Amino acid sequence: QPVDENGFPAVDVNGVPLADPMDEDYSHYIGFDEGTTSIDIEKRTNGADADNPLGADVPVIQAGAQVTWEYLVTNTGSLDLSNVTVVDDMEGTVCTIPFLAAGESSSCSLSDIAADGLYTNLATATGDPVGPDGNPAVDQNGDPIPDPVDNDQSSYIGQTEEILNSLGDYVWYD
């Protein structure tokens, strides 16, 4: 019950005691989840993973023939990504994926002419994290969330036709 400045029950102008004050102000709290950023790129050369340049899965391609690299990018984080770029350290920019939702994958490819000898190149994927509103994602302090980055290499061995057609250690000409 409300009281006056002397500690007596407060009354209105007619001397009627005032009712207990009431107030409702509901508050809800949801913990701040800034989300996670993570990206994965898998690069294949003529269909082979070929991560290890000396591995058994490294394709042997005739020098001068077409070689094709396939790049599979997956958003493995909980935040959507925009402007996902795939760059090859030897071939340059491969593609830009405008939007990649969390859990989604997209692919692109690039072809060139196979060189002679062992050829290894490294693909890198990165993207800009975005919030549900499409704006750049920020942490609880309002700072931008860092871009996720991943890379994967792949190799091939370019050989001349003469070597590809030999059965033994020597090539005999008649």
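About the criteria used
Residues numbered from 1 in each chain as written. Predicted model: local features only at pLDDT ≥ 70, side-chain atom pairs only at ≥ 80, totals over all residues. Heavy atoms only, no water. Helix = DSSP H or I, 4+ residues; strand = E, 2+ residues; numbered from the N terminus. Buried < 20%, exposed > 50% of the residue type's maximum accessible area, 1.4 Å probe, protein only. Disulfide = S-S within 2.5 Å. Pairing = 2+ DSSP bridges. Axes fitted to C-alpha atoms, helices over the stretch in contact; angles between N-to-C directions. Polar contact = N/O pair within 3.5 Å; in protein donor to acceptor, adjacent residues only side chain to side chain. Contact = heavy atoms within 4.5 Å. Salt bridge = Lys/Arg side-chain N within 4 Å of Asp/Glu carboxyl O. pLDDT = per-residue confidence, 0-100.

Enquirer: Lay out the overall build of the protein with the relevant residues and their values.
Expert: What the protein contains, in helices and strands, is one helix and eight strands. Going from the N terminus to the C terminus, the protein shows its helices and strands as β-β-β-β-β-β-β-β-α. For the protein, with 174 residues in total, the buried portion stands at 28%.

Enquirer: Give me the state of the cysteines: which residues, what numbers.
Expert: Enumeration over the complete set of coordinates arrives at one disulfide. Disulfide pairing places Cys95 opposite Cys108 at an S-S distance of 2.2 Å. Where Cys95 bonds to Cys108 through sulfur, the torsion about that S-S bond is close to -50°, and the disulfide is left-handed. With Cys95 in strand S5 (residues 92-100) and Cys108 in strand S6 (residues 105-113), the pair connects residues that are 13 residues apart, well separated along the chain. The pair Cys95 / Cys108 is uniform in exposure class, with both members buried.

Enquirer: Give a description of the sheet that holds strand S2 (residues 60-62) that names residues and reports values.
Expert: The strand order across the open sheet formed by five strands is S2-S8-S7-S4-S5, and the pairing between neighbours is mixed. Lying at the two open borders of the sheet, with one neighbouring strand each, are S2 and S5. On average, each strand axis in the sheet is inclined to that of its neighbour by 25°, with strand direction left out of account. When strand S4 (residues 80-88) meets S5, the two strands line up antiparallel, connected through seven bridges.

Enquirer: Tell me about the side chain of Asn75, and please be specific about residues and values.
Expert: The residue Asn75 is located in strand S3 (residues 66-75) in this model. Judged by its relative accessible area of 1%, Asn75 falls in the buried class. At 3.0 Å, the side chain of Asn75 and the backbone oxygen of Leu100 are in polar contact. With residues near it in sequence (within four places) discarded, Asn75 still touches Ser38, Asp80, Leu81, Leu100, Ala101, Ala102, Gly103 and Glu104.

Enquirer: Give me the lowdown on the environment of Tyr119, citing residues and values where you can.
Expert: Within the secondary structure, Tyr119 is located in strand S7 (residues 117-130). In this structure Tyr119 touches Trp69, Met90, Glu91, Ser154, Ser155 and Tyr156, once residues within four positions along its chain are discounted.

Enquirer: Can you tell me about the pattern of salt bridges, naming the residues and giving the values?
Expert: As enumerated under the stated definition, the model contains one salt bridge in all. The salt bridge involving Asp88 is made with Lys43; its shortest N-O contact spans 2.9 Å. Taken together, the residues span a long stretch of sequence, with Asp88 in strand S4 and Lys43 in strand S1 (residues 39-45) at a distance of 45 residues. In terms of burial, Asp88 and Lys43 fall into one category: buried.

Enquirer: Now, about unusual backbone geometry: what can you tell me, with residues and values included?
Expert: Positive phi, close to 50°, is recorded for Ala50, a residue that is not glycine. By the secondary structure assignment, Ala50 is in the loop between S1 and S2. By relative accessible area, which is 0% here, Ala50 ends up buried. Positive phi values are uncommon outside glycine, yet Asn83 reaches one of about 50°. Checked against the element boundaries, Asn83 lands in strand S4.

Enquirer: How would you explain the confidence of the model for the protein if you had to name every residue and give the values?
Expert: Of the residues in the protein, 86% reach a pLDDT of 70 or more, and the chain-wide mean stands at 88. Mean pLDDT per element in the protein: helix H1 (residues 161-164) is the minimum at 56, and S3 is the maximum at 98.

Enquirer: Outline the environment of Leu110, supporting the account with residue identities and numerical values.
Expert: Turning to its location among the elements, Leu110 is positioned in strand S6. Discounting chain neighbours no more than four positions away, the residues touching Leu110 are Val67, Thr68, Trp69, Tyr71, Glu91 and Val94.

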